[in-house]
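Letter by letter, the chains look like this.
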Amino acid sequence: MTIRKTLLFSLMAIAFIAISINTIFLNSMVDKYFMKYLSESYDNHIDELKTYVQDEFTNSENFDLNGFRAELETHLDDPIVGIKIFDSYKNQILYVSKNNMSRHMMMGSRFEQTDRYIIKADDVEVAEMHIILNSSIEESLVAKKFQSSLIRYGAMGFALAGVLALAVGLYLSKLMSKDLIETSNMAESIDLNRPINNKNSNIKEIRVVQNSLRNLNQSLHLKQRHRKRLTDELRHKAQTPITIIQTHLEGIEDEIIDWDERELKVFRKNIFELSNLLNDVDRLIDTDIDVDDNTISKFDVVSIINEIAQSLRLQYQKKSMVIKKNLPMTLIVELDEYKFRQILYNLFTNAYKYAGEGSNVEIHLEESNSDFKIVFTDNGEGLDNYEVQNILEPYYRGVKHRNISGQGLGLYILEQNIKSMGGSVIIRQNTPSGLAFDIRLPKSIEILI
């Protein structure tokens, strides 16, 4: 059974039960008070008759038999079908009746009753009156007509209320089923990754469900974009070690580079970084865990800068680019070594891509008590001021360099890695040309559990 039919049947059942209870209660109350009214009216009628008969017999000098008869006939009203009047000696003086009414009523009922009343004046009996009834008050013609009308109009009211309940039930069930169908379509659109254009329901409970679905859809889209960004980041990060390995293999094949322990160390280090990237990919696929957690270790900043500069030496030589270093002998820190390497790789590879052939890059290291600063500059073509302001945004590509392959994630990843270790970066125009990166990092960070 559909929810629309369930709602309709439920509303109809509730309506009919409520109408039935109300009709039964109302009919019983009306019937009760109407019968009480009939009984009181009958008693008042008898009192009027007794008063009239008493007046006639106490004023015997003006007694008019025909007028007396005519007056008594006016009191022949259901259930009274006959009136007999006797004097104080029990002699019948007058008898009036409604024979037609009596015969008609007697056909449907075997009931006949005579009520006797003694008429007194100053405690002296002056007459006796017999009231002949063809039925009890409760079974009188008026009572039967009233009960019949009550049942008829009750049935008409029941039928009318039933029709109205059906109409309202159809409307409400259609309205609710329509909103539920719209809600179901929303869920289907989310499942099929289609845009949601449904209007809000006027029913509060359904509107709450619809809002929850919209929030879920927004959350899923945010997670999808976040997952795509992370995937692109991992792909971008993998390009650097792959390029380094490929370049060094070409150098070894061309006998430009000797296969020695230093080159073996370069290969091991970059293969290790690729292995870490694969582990991050597994975590990204299997769970919702972010891959940006810090793994703290102690290492020498100067040693890593020299190592990365050496690993990229061949690439720079192909474009006649020179790396200049202004470094202390050593600088020991406790940071995420992998992220720090990525920062340096992105600095060097970004300069390699965009500074242009024959350019120079320089890396300068400054140390203070609690942090250190890396100043990385190139003297290439550089960027316009408005582009410098947007260069850290994900997927942003400079207008002048869109013909160069890339995704626009390198500097975005650089900034995210710096921030995750509690540092900061400022990009500015170099003088007289090129770009300058001012990176400040703490010497150590705590592992957050």
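To keep things clear, this report deals only with the structure shown in the data block. (Residues numbered from 1 in each chain as written. Predicted model: local features only at pLDDT ≥ 70, side-chain atom pairs only at ≥ 80, totals over all residues. Heavy atoms only, no water.)

## Description of helix α7 (residues 301-311)
Moving on, step 1. Counting buried positions along α7 gives eight out of eleven residues, so the element sits mostly inside the fold.
Moving on, step 2. Three or more residues of α7 are buried, namely Val301, Val302, Ile304, Ile305, Glu307, Ile308, Ala309 and Ser311.
Moving on, step 3. The N-terminus of α7 is capped by Asp300, whose side-chain oxygen sits 3.2 Å from the backbone nitrogen of Val302. (Buried < 20%, exposed > 50% of the residue type's maximum accessible area, 1.4 Å probe, protein only. Helix = DSSP H or I, 4+ residues; strand = E, 2+ residues; numbered from the N terminus. Polar contact = N/O pair within 3.5 Å; in protein donor to acceptor, adjacent residues only side chain to side chain.)

## Some words on the pairing of strand β9 (residues 371-378)
Moving on, step 1. With seven of its eight residues buried, β9 lies for the most part within the structure.
Moving on, step 2. Here strand β8 (residues 360-367) pairs with β9 via seven bridges, running antiparallel. Note on β9: the bridge partner recorded for His364 is Val375.
Moving on, step 3. Where β8 folds back on β9, the antiparallel hairpin that results is connected by three residues.
Moving on, step 4. Bridge count between β9 and strand β11 (residues 435-442): seven bridges; the pairing is antiparallel. Considered in β11, the bridge of Phe376 is made with Phe437. (Pairing = 2+ DSSP bridges.)

## As for the packing of α7 against helix α9 (residues 337-354)
The angle between the axes and the distance between the axes are what describe a pair of packed helices.
Moving on, step 1. In the contact formed by α7 and α9, the axes pass within 10 Å of each other and the chain directions differ by 45°. By the angle class used here, α7 and α9 are oblique. Considering only the axes of α7 and α9, their crossing is right-handed. When α7 is examined against α9, the residues Val301, Ile304, Ile305, Glu307, Ile308, Ala309 and Ser311 are found in contact with a partner set consisting of Glu337, Phe340, Arg341, Leu344, Tyr345 and Phe348.
Moving on, step 2. Looking at side-chain class alone, the contact of α7 with α9 contains nine nonpolar, one polar and three charged residues. (Axes fitted to C-alpha atoms, helices over the stretch in contact; angles between N-to-C directions. Parallel < 35°, antiparallel > 145°, perpendicular 65-115°, else oblique. Left-handed = near helix turned anticlockwise from the far one by under 90°. Contact = heavy atoms within 4.5 Å. Nonpolar A, V, L, I, M, F, W, Y, C, P; charged D, E, K, R; others polar.)

## As for the sheet that holds strand β10 (residues 424-429)
Moving on, step 1. In space, the five strands of this open sheet follow the order β6-β8-β9-β11-β10, with mixed pairing throughout. Bordering the open sheet on either side are β6 (322-326) and β10, each of which pairs with just one other strand. Pairwise comparison of adjacent strand axes, ignoring direction, gives a mean angle of 15° for this sheet.

## Section: the packing of α9 against helix α11 (residues 410-420)
Moving on, step 1. Between α9 and α11, the least distance of the axes is 9 Å, while the angle of their chain directions is 150°. As the angle between them shows, α9 and α11 are arranged roughly antiparallel. Relative to α11, α9 is oriented so that their crossing is left-handed. Between α9 and α11, the contacting residues are Lys339, Gln342, Ile343, Asn346, Leu347 and Asn350 on the first element and Gly410, Leu411, Ile413, Leu414, Asn417, Ile418 and Ser420 on the second.
Moving on, step 2. When the residues that make up the contact of α9 with α11 are grouped by side-chain class, the tally is six nonpolar, six polar and one charged.

## Quick word on the sheet that holds strand β2 (residues 92-97)
Moving on, step 1. Taking strand neighbours across the sheet as the criterion, the four strands line up as β2-β1-β4-β3 in an open arrangement whose pairing is antiparallel. With partners counted over all chains shown, the strands left at the sheet margins are β2 and β3 (113-121), one partner each. Ignoring strand direction, the axes of neighbouring strands in this sheet form an average angle of 15°.
Moving on, step 2. Where β3 lies against strand β4 (residues 124-133), nine bridges are found, and the strand directions are antiparallel.

## Some remarks on the pattern of salt bridges
Pairs can form between side chains of opposite charge once their charged atoms are near each other.
Moving on, step 1. Under the criterion given, the structure shown has nine salt bridges.
Moving on, step 2. Two residues, Lys419 and Glu415, come together in a salt bridge whose shortest N-O distance is 3.4 Å. Of this pair, Lys419 and Glu415 both sit in helix α11, four residues apart, roughly one helical turn.
Moving on, step 3. Judged by relative accessible area, Glu415 falls into the buried class, the value being 13%.
Moving on, step 4. With a closest N to O distance of 2.7 Å, Arg428 and Asp438 form a salt bridge. Here the residue Arg428 occupies a position in strand β10, and Asp438 occupies one in strand β11, the gap between them amounting to ten residues. (Salt bridge = Lys/Arg side-chain N within 4 Å of Asp/Glu carboxyl O.)

## Focus on a negative patch on the surface
Moving on, step 1. Together, Glu253, Asp254, Glu255, Asp258 and Asp260 make up a negatively charged patch on the protein surface.
Moving on, step 2. One can find Asp254 in the loop between α5 (204-253) and α6 (261-286).
Moving on, step 3. Residue classification places Asp254 among the exposed residues on the basis of a relative accessible area of 53%. (Patch = residues over 30% accessible without salt bridge, like charges linked within 9 Å, V, L, I, M, F, W, Y side chains within 5 Å. Areas by Shrake-Rupley, 256 points an atom, 1.4 Å probe, with all protein chains shown as cover. Lys, Arg positive; Asp, Glu negative; His and termini not counted. Charge placed at Lys NZ, Arg CZ, Asp CG, Glu CD.)

## Quick notes on the environment of Leu94
Moving on, step 1. Positionally, Leu94 belongs in strand β2.
Moving on, step 2. Take Leu94: its relative accessible area is 1%, and that puts it in the buried class.
Moving on, step 3. When residues no more than four places from it in sequence are discounted, the contact partners of Leu94 are Leu65, Phe68, Arg69, Leu72, Ile83, Lys84 and Ile85.

## Observations regarding the pairing of β8
Side-chain positions along a regular strand alternate between the two faces of the sheet.
Moving on, step 1. In the sheet, β6 pairs with β8 via five bridges, with the strands oriented parallel. Bridge pairing links Lys325 to Ile363 in β8.

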